[in-house]
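These are the residues of each chain, in order.
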Amino acid sequence: MVTGLFPGHHMTDTCSLCNRDALEPIYKPEKSTRGLTVHVCGSCGLLQSLPRADRMERLPAAVSGGADWGNVRYGKGFRTRIALDALRRNVDLTSDFSVLDVGSNRGSFIRALLDAAPHANISAVEPDERVASSCAGLPRTQLIEERIENVALETGRFDIVHSCHTIEHLIDPARTLADHHRVLKAGGLLILDAPNTALLASDDIVEEWFIDKHLYHFSERTLTRMLEATGFTIIEHPDFKDRSNLFYVACKDGRKPAAAGSDLQEVEYARELIASYVANRARNMLALTSVAAELLSLAPRRMAIWGAGRLFDSLVTYGKFDASTLTLLVDKHLQAHVSQRHGCTLVGPEGLADSKPGVVIIMSRDFASEIAAEVGKLTPNAEIILYSDLIYRARLRDAA
Ligand SMILES: [Zn+2]
């Protein structure tokens with residue numbers, strides 16, 4: 001279908017889940033350096049971005065609230081604990097077993113696994129030489145510096161395949177999942193973790209969710225169907241409370257792959273999700289102006305912001321927040337990649353104990369409660385204000 005909204009669009013790609021030639025443009029991400037357009041499959045509802053370039057230019061780290069966010073590559077480390085806990089529930093970690101780690105990044109999972117499982121052997125696949133080097137020379141680990149699509153591995157070789165926030169980057173995720181199934185032994189396990197489109201329905205979404213690095217955007221429904229179509233049996237389903245991630249444990253138990261058919265209810269859900277995302281985001285970008293005004297009134301009390309990432313960038317870019325009024329900008333992880341954001345020098349958490357601000361604003365969604373606990377220890381007298389409360393109050397003011 002060619003619509004007036006996206007002139008010149010031609011359908012040349014088929015859906016990775018249902019194989020139908022039914023992709024329709026539905027949303028144009030902001031500041032996409034790849035020129036991506038999000039499509040919905042009119043047959044099964046899987047959201048996917050086109051064009052599917054198989055190799056993205058290696059851009060420098062971009063800290064942004066737009067689609068160009070990326071290349072800081074620290075997010076996977078936050079998911080190591082949950083993956084290891086799942087392994088503990090399903091595998092005897094003292095036994096001798098082999099693991100394929102897909103998209104090893106800087107090796108956070110590998111290091112944790114080597115520690116926890118003294119006889120595990122690991123094949124680590126990571127195409128980005130800038131981060132793969134940190135996995136070089138690890139014991140019991142074979143490093144393969146290549147995209148997973150280009151790696152030919154032996155059939156039935158692995159007990160475990162671990163894939164964390166990788167599948168959404170692939171050209172054809174169903175084909176790669178089928179290959180994970182092939183390389184597993186009978187009874188082998190896939191541990192799969194991916195971003196969750198449920199976050200699009202968040203009341204407080206303000207950053208561009210459809211970033212350039214992601215070609216596929218899964219709901220629990222579409223990823224569950226893709227796993228089942230590939231022949232996997234899901235033994236642990238995603239936690240419905242986690243709006244940010246879809247975490248699965250699935251088993252190769254001899255069930256035959258079966259083509260995924262149409263799912264018109266999911267198509268309808270995907271369309272409504274995008275519509276609510278666009279509306280929420282527009283309203284929240286406006287509310288950021290009001291958030292910035294509230295923050296300005298707090299500045300005389302010496303204010304720190306913790307979190308220099310996407311939400312902070314949105315606050316400055318859309319809300320026109322004057323970052324020079326800040327006493328301190330704290331970020332534990334981005335410090336390794338950028339030294340300054342919007343004129344403020346990034347400092348680590350220890351900066352809080354030194355400068356003792358009167359107010360600490362937490363610009364984080366997933367880690368807000370952990371950060372708040374840490375702030376409470378470092379500077380017990382500071383008032384703590386969460387981003388979600390700021391945006392909620394601002395919307396009430398805007399509505400009044
Ligand atoms: Zn489809």
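What you are looking at is a predicted structure, and each value in this text was computed from that prediction instead of being measured.

**Considering the layout of surface pockets**
- Within this model, the second largest pocket holds a volume of roughly 200 Å³.
- When residues of the lining of the second largest pocket are traced back to their parent elements, those giving at least two are helix 4 (173-183) and helix 5 (220-229).
- Residues of the lining of the second largest pocket, tallied by class, amount to 12 nonpolar, four polar and two charged.

**Points about the sheet that holds strand 12 (residues 303-306)**
- Spatially, six strands are ordered 14-15-13-12-16-17 in an open sheet, and the strand pairing comes out mixed. The strands lining the two open edges of the sheet, one partner per strand, are strand 14 (340-341) and strand 17 (383-386).
- Across four bridges, strand 12 lies against strand 16 (residues 359-362) in parallel orientation. Bridge pairing in strand 16 places Trp306 opposite Ile362.
- Of the strands in this sheet, strand 12, strand 16 and strand 17 touch helix 9 (residues 368-378), which is tilted by about 160° from strand 16.

**A word on the coordination of the zinc ion**
- The coordination sphere of the zinc ion contains the protein donors Cys15 (SG), Cys18 (SG), Cys41 (SG) and Cys44 (SG), at a distance range of 2.2 to 2.3 Å.
- Classification of the site at the zinc ion rests on its four donor atoms, whose angles at the metal span 101 to 118°, yielding the label tetrahedral.
- Positions of the donor residues of the zinc ion along the chain correspond to the pattern C-x2-C-x22-C-x2-C.
- The exposure class of Cys18 is buried, given its relative accessible area of 10%.

**Focus on the side chain of Asp193**
- Note on placement: Asp193 falls in strand 8 (residues 184-195).
- Among the polar contacts made by the side chain of Asp193, one reaches the side chain of Arg79 at a distance of 2.7 Å.
- Contacts of Asp193, omitting those with residues within four sequence positions, involve Arg79, Ile82, Ser163, Cys164, His165, Thr166, Asn245, Leu246 and Phe247.

What counts as what
- Residues numbered from 1 in each chain as written.
- Predicted model: local features only at pLDDT ≥ 70, side-chain atom pairs only at ≥ 80, totals over all residues.
- Heavy atoms only, no water.
- 1 Å grid on protein atoms, 1.4 Å probe; cavity = no way out; pocket = protein on both sides within 12 Å on 5 of 7 lines; lining within 4 Å.
- Points joined across faces, edges and corners; volume = space filled by probe spheres on them.
- Helix = DSSP H or I, 4+ residues; strand = E, 2+ residues; numbered from the N terminus.
- Nonpolar A, V, L, I, M, F, W, Y, C, P; charged D, E, K, R; others polar.
- Pairing = 2+ DSSP bridges.
- Contact = heavy atoms within 4.5 Å.
- Axes fitted to C-alpha atoms, helices over the stretch in contact; angles between N-to-C directions.
- Donors = N, O, S within 2.8 Å, 3.2 Å for Na, K, Ca; no water.
- Tetrahedral: all angles 85-135°; square planar, octahedral: opposite > 155°, others 65-115°.
- Buried < 20%, exposed > 50% of the residue type's maximum accessible area, 1.4 Å probe, protein only.
- Polar contact = N/O pair within 3.5 Å; in protein donor to acceptor, adjacent residues only side chain to side chain.

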